[in-house]
Amino acid sequence: MSAPSAGAGAKPRRRAPESELALKRRARRIYKALSEQYPYAVPELDFRNAFELVVATVLSAQTTDVRVNEVTPALFARYPDARRLAEADEAALQELIRPTGFFRTKAQNLRALATRIVDEYDGEVPARLEDLVTLAGVGRKTANVVLANAFGIPGISVDTHFARLARRFGWTEASDPVRIEAEVARLFEPRDWTMLSHRVIFHGRRVCHARKPACGVCAVAQWCPSYGEGEVDPAKSSKLLKYELAPGREDLLARMLAGQSRAELRAAGFKLDA
Ligand code: SF4
């Protein structure tokens, strides 16, 4: 789908008042386009079970998933479950997670979280939101990530990307994550909540960046009231696209790149055969 024509530096569109029904329809069109663009969207943190996901998500605060994925193999080899992590030596744990930043606080939280899982939940990560949020370092966003991806319970995960895009899409005007979650949830069927979260976050990471959204190559431009907030020239927009993925995710990268035109890939710095 091509973006609507407009000159570079176009002003964001003004939005006419929209009925609840029109908003819902427009929201679902955006979701359909994102589903076509990112059919493969997945959580980018590596994990094999609920324990690993909750730990990885706590570590992901204030850093990238790529960085977390670099430290978790050694971390989980040494502490494969909550019991082992609860008994971890603080200094050794800090050293392992140091690259993720805020490592002292994170180490403290991880040991406290693991201790509570052992003491209160018999060593198993609980599958209820009200229990998960009692764990150290686990807020509502992390709890929803764990419920959705480790237990298959639909949930909307409002991280910084999701919050920004939901506002740009005109799905909400709220800045409080709990309100954003509630206002977006009413626009979609619960069965779509989890994949909606992944796809919106993918789009935020790759196209609709905080500072320089690439409006000129955006798949949802025609339904986005914020079109024009970023670069609208397609060639210049292509240069803003990001493709960073964790090492070992070459399959995902290949599928992502398959969705881009050769011109866009060249503009983004990829060397292609003639
Ligand atoms: S890149 Fe531009 S058009 Fe696309 S979602 Fe973001 S603000 Fe809207």
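It should be emphasised that the depicted structure is a prediction, and the values quoted were computed from it without experimental measurement.

The rules we used
- Residues numbered from 1 in each chain as written.
- Predicted model: local features only at pLDDT ≥ 70, side-chain atom pairs only at ≥ 80, totals over all residues.
- Helix = DSSP H or I, 4+ residues; strand = E, 2+ residues; numbered from the N terminus.
- Contact = placed C-beta atoms within 7 Å.
- Core = buried A, V, L, I, M, F, W, Y, C linked by C-beta atoms within 7 Å.
- Buried ≥ 20, exposed ≤ 12 C-beta atoms within 10 Å, placed from the backbone.
- UniProt positions renumbered as here; feature names shortened; annotations may be inferred.
- Near = placed C-beta within 6 Å.
- Nonpolar A, V, L, I, M, F, W, Y, C, P; charged D, E, K, R; others polar.
- pLDDT = per-residue confidence, 0-100.
- Axes fitted to C-alpha atoms, helices over the stretch in contact; angles between N-to-C directions.
- Parallel < 35°, antiparallel > 145°, perpendicular 65-115°, else oblique.
- Arc of directions from axis to C-beta.

A. Spotlight on the overall build of the protein chain. A count of helical and extended segments in the protein chain gives 14 helices and zero strands. In the protein chain, the succession of helices and strands from N to C terminus is α-α-α-α-α-α-α-α-α-α-α-α-α-α. Considering only contacts in the protein chain between residues 6 or more positions apart, those separated by 24 or more positions represent 61%.

B. Region of interest: the nonpolar core. Ranked by internal contacts, the top residues of the largest apolar core, which has 35 residues, are Ile 30, Ala 166, Cys 218 and Val 220. Secondary-structure elements contributing two or more residues to this core are helix H1 (20–37), helix H9 (160–168), helix H10 (177–185) and helix H11 (193–206). Within the second largest apolar cluster, 33 residues are counted, among which are Ala 50, Leu 93, Ala 114 and Val 145.

C. Seen up close, the UniProt feature "binding site: [4Fe-4S] cluster" (unreviewed entry) in the protein chain. Summarizing the sequence annotation, UniProt attributes the feature "binding site: [4Fe-4S] cluster" (unreviewed entry) to Cys 208, Cys 215, Cys 218 and Cys 224 in the numbering used throughout. Spanning 17 residues, the named residues nonetheless gather at one spot, since no C-alpha pair among them exceeds 11.0 Å. Mapping Cys 208 onto the fold places it in the loop between H11 and helix H12 (234–238). With residues up to four places along the chain from it excluded, the contact list for Cys 208 reads Leu 165, Arg 168, His 203, Pro 213 and Cys 218. For Cys 224, the position within the fold is in the loop between H11 and H12. With residues near it in sequence (within four places) discarded, Cys 224 still touches Arg 168, Phe 169 and Cys 218.

D. Up close: the site of the ligand. The environment of the ligand is formed by 14 residues, the closest being Cys 208, Pro 213, Cys 215, Cys 218 and Cys 224. Classifying every residue of the shell around the ligand gives 10 nonpolar, two polar and two charged.

E. How the structure looks around the confidence of the model for the protein chain. In this model, the protein chain carries an average pLDDT of 88, and 82% of its residues clear a pLDDT of 70 or more. Here residues 1–9 scores under 50 on pLDDT; set against residues more than four positions off or in separate chains, the count is 18 contacts.

F. Helix H8 (residues 140–150), seen in detail. Among the 11 residues of H8, 10 are classified as buried, and the element is accordingly described as predominantly covered. Buried within H8 are the following residues: Lys 141, Thr 142, Ala 143, Asn 144, Val 145, Val 146, Leu 147, Ala 148, Asn 149 and Ala 150. Check the buried side of H8 and you find it contacts helix H2 (50–59), helix H7 (129–132), H10 and H11. Where H8 ends, the next residue or the one after it, Gly 152, has phi of about 70°, a positive value.

G. Looking closely at the environment of Arg 206. Summarising the element assignment, Arg 206 is placed in helix H11. For Arg 206, a count of 20 C-beta atoms within 10 Å gives the class buried. Along the primary structure Arg 206 and Cys 218 are separated by 12 residues, whereas in three dimensions their C-alpha atoms are 9.9 Å apart. When neighbours within four sequence positions are excluded, Arg 206 is seen to be in contact with Leu 241 and Lys 242.

H. Quick peek at unusual backbone geometry. One non-glycine residue, Phe 102, adopts positive backbone phi at about 45°. Within the secondary structure, Phe 102 sits in the loop between helix H5 (90–97) and helix H6 (103–121). Despite not being glycine, Asp 122 shows a phi value in the positive range, around 55°.

I. The arrangement of the packing of H1 against H11 in detail. Direction vectors running N to C along H1 and H11 enclose 75°, while the axes themselves pass 10 Å from each other. The orientation of H1 with respect to H11, classified from their angle, is roughly perpendicular. Contacts from Tyr 31, Leu 34 and Ser 35 of H1 reach H11 at Leu 196, Arg 199, Val 200 and His 203.

J. View of H10. Those residues of H10 not exposed but buried are Pro 177, Ile 180, Glu 181 and Val 184. With its buried residues spanning 100° around the axis, H10 presents them on a single face.

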